Structures are given as structure tokens and as C-alpha cells.
Amino acid sequence: MDDKSPLMESREAFAQGKNIMAVWRERGLTDANSLDAIEVAYDLQTGSYQALMEKAWFREIKYKFTAELASIFDNIGAETVLEAGAGEATTLAHVLQKMQAKPVHAFGFDLSWSRTALGRAYLKSVGVEADLFVAELSAIPIPDSSVDVVFTSHAVEPNRGREREILSELYRITSRNLILIEPSNTLGSEETRKHIEKHQYCLNLHQIALDLGFEVIDHRIFGNSPNPLNEHSIIHIRKKDTDKNKKVIESIFICPRCSKPLSEVKGHLFCENEGVVYPILDGIPCLRAGHAIIAGQFPKIHAGPPSRNP
Ligand SMILES: C[S@@+](CC[C@H](N)C(=O)[O-])C[C@H]1O[C@@H](n2cnc3c(N)ncnc32)[C@H](O)[C@@H]1O
């Protein structure tokens, strides 16, 4: 691997059927999964979740799981819904499909561009609408208190060591409800705890939520996990002073670096404050802090060189 880049090495390891996050852990200095490892691992897996939806046993579990979530969202009366770490949108699509009162606006984002792009196609195939973009769980380009229901389904999972910052960020953007469906090392079985250790999955989300001062209104094992070795719980957090903060998102995106609103310029998203451009790649906004291209003159510079005619 010495003369190979981590990306080349990952592609080869993936072709050999290896667990990419484990490969990155073995070569790194830390036990935890780095963001790069998570992004590469999931980007390489693109298509695997939609392939699972072709299998009857998986479909049945997914339908039950999403029906239960949809009924919780219906009881809340969610007008805006966002899934953080939406992957290929196989959960988001069926939750939206099963909601009785459709939200006015739905969103999803993921670290992986490829999964997000495939997710967009999946939403279309199921006949539901949601805006998808690329972003990172601990720097979400959405204003404070702007979404009625923010939820995750196994997205905090690989981010051991970043649980506190991620929960704080998810809480920041919700106006009323944060719902986490994540592996539980406290309520899950012994096998689940072993699985969580083996893969270095997130820990103690319920306690972290309490430590952050959040109001947890439900915490229990949530059924219909497709992997019995990875039981998940629901942690339903209600935000205090909620309606006071509630905003409908119009111009939705803010800069993940400075939190100022972004404006659309020549088909991309420009932050005037930082002088950076976030590309929109094949229709998908790429809104991680590291996606920023320093181009302070972007709005002013026109297509060709200035005319030299007298
Ligand atoms: C196990 S998959 C679940 C996908 C989807 N929520 C579902 O239910 O099918 C986890 C997803 O979370 C995303 N993810 C993990 N860590 C993330 C992070 N720090 N920021 C954004 N996305 C993340 C991964 O890219 C991956 O697509």
C-alpha cells in the first residue's frame, strides 16, 4: 500500500470484500472511524441498500420500520422533515410515502455524493419529493430551529467520539423534534454490544442527550432492525421553546463554515462573507466545509476576458 493512495487502496480492498472502515482503522493511529473512512466506505457501497430493497425479507422489515416512523411524524404534525445521513434515501422515501399528511418540504443529506445522487433517483422511482444535498452531521448548512422533525437512522452509528457535537448540531437545526434511531449499547443485547465494539459504533447517546440538557420524551428499543446483532433504540428529543423559534425554510442553505446565508450564483452557491463557492454537482449541492472553493470574485467575473478594443 506504500505507493498507493488511501483511495486506491480502499477501492482494491472493497473489491476483495473487505470492511473499509476496519481497513482504515488498522492503518490509522486511532480506534475510531475517521470522517474520510466513513465517506469512502459508504461511497464505495453505493447501490447496496437499493439492491437490498429487491429482497422480500428486507423490504418487509423496511416497510414496517418506516410505517412506524411515519405514524410518529404524523402525530407530531410535521410540516418539514429532514433525514440526516440519508444514504440512498431508502428510509426517507418510504417514511414520506407512508405519512398520511405529507410534509410541505422534505430534505435529506449524506456525506457521500454517490449515495445522494442514487437516493435522488430512488425518491423519484417511489414518487416522493425531497431535496437532497451533501453535508456533514457536525456542520449542517441549515439555519437554527428550521425543521419540525430532524431524524437519523443509523447515521450517527459510525461516528464514535463525535456523538456530542453531532447531537448538538442536530438539535440546533430542529424547531421541535429530534428523533434518533441508532444502535444502543445500553438497551441492546450482549450481541449488539459486541457488534458495536467490533465496529466502533457510537455510544451512550441517551446519556449524552441528557447531559446536554435535552428533554428526552421516549427511549426504548425500536423494532424492525434488519440486523438482529445491531439492535437500535429510538431517542425522541423534544426541543424547548420550540414554536417560538420555528421558521419555514425559504432560502434554505447557510455556509457550513460561517453560517451566513448562501446565494445562488451562476448555478453554484456563493458565500459573500467568506468569498467561497460551493459547487452544485449534477444538481446536488456539495455543502461540506471542505467543498468550498476560494473564489471571492466569482459573482463579478464574466465568461470571457474583458474586451481590449479601444
Ligand atoms: C448505515 S447508513 C444509513 C443510511 C440511511 N439513514 C438509511 O436508513 O438507509 C449510514 C449513512 O450515514 C452517512 N453518514 C455517516 N456519518 C456521517 C456524517 N458524519 N455526516 C454525514 N453523513 C454521515 C453515511 O454516509 C451513510 O450513508
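Residues numbered from 1 in each chain as written. Predicted model: local features only at pLDDT ≥ 70, side-chain atom pairs only at ≥ 80, totals over all residues. Heavy atoms only, no water.

Asks: Just to check I follow, could you spell out the domain arrangement of the protein chain for this structure?
Replies: Quite often, the size of an interface is put as the accessible area lost when its parts meet. Along its sequence, the protein chain is organised into domain 1 (6-45), domain 2 (51-245) and domain 3 (253-310). Taking the mean C-alpha position of each, domain 1 and domain 2 sit 23 Å from one another. Across the boundary between the two partners, domain 1 contributes 13 residues, which contact 15 residues of domain 2. Summed over the shared surface of domain 1 and domain 2, the result is zero salt bridges. The interface formed by domain 1 and domain 2 contains seven residue pairs in polar contact (both at pLDDT 80 or more). (Domains from an automatic or database assignment. Contact = heavy atoms within 4.5 Å. Salt bridge = Lys/Arg side-chain N within 4 Å of Asp/Glu carboxyl O. Polar contact = N/O pair within 3.5 Å; in protein donor to acceptor, adjacent residues only side chain to side chain.)

Asks: Help me understand the layout of surface pockets in this model?
Replies: Empty pockets left among the atoms are what a rolling probe the size of a water molecule brings to light. Considered as a void within the structure, the largest pocket measures approximately 1000 Å³ in volume. Listed by contribution, the elements that provide at least two residues to the lining of the largest pocket are α2 (20-27), α3 (35-44), α4 (48-52), α5 (56-76), α6 (90-98), β2 (105-110) and α9 (190-199). Sort the elements by how many residues they give to the lining of the largest pocket and α5 lands first, with five residues. When the residues that make up the lining of the largest pocket are grouped by side-chain class, the tally is 22 nonpolar, 17 polar and nine charged. Both domains that meet at the lining of the largest pocket, namely domain 1 (6-45) and domain 2 (51-245), each give it at least three residues. (1 Å grid on protein atoms, 1.4 Å probe; cavity = no way out; pocket = protein on both sides within 12 Å on 5 of 7 lines; lining within 4 Å. Points joined across faces, edges and corners; volume = space filled by probe spheres on them. Helix = DSSP H or I, 4+ residues; strand = E, 2+ residues; numbered from the N terminus. Nonpolar A, V, L, I, M, F, W, Y, C, P; charged D, E, K, R; others polar.)

Asks: Sorry, what's going on with α5 here?
Replies: The periodicity of an α-helix, 3.6 residues per turn, causes residues three or four places apart in sequence to face the same way. Taking 1.5 Å as the rise per residue, α5 with 21 residues should run 30 Å; its terminal C-alpha atoms sit 30 Å apart, in good agreement. Listed in full, the buried residues belonging to α5 are F58, K62, F65, T66, L69, A70, I72, F73 and I76. On an axial view of α5, the arc spanned by its buried residues comes to 160°, and they lie on one face. Residues of α5 that are exposed and point more than 90 degrees away from the buried face comprise A56 and N75. Once α5 finishes, G77 follows within two positions and takes phi at roughly 75°, a positive value. (Expected span 1.5 Å × (residues − 1). Buried < 20%, exposed > 50% of the residue type's maximum accessible area, 1.4 Å probe, protein only. Arc of directions from axis to C-beta.)

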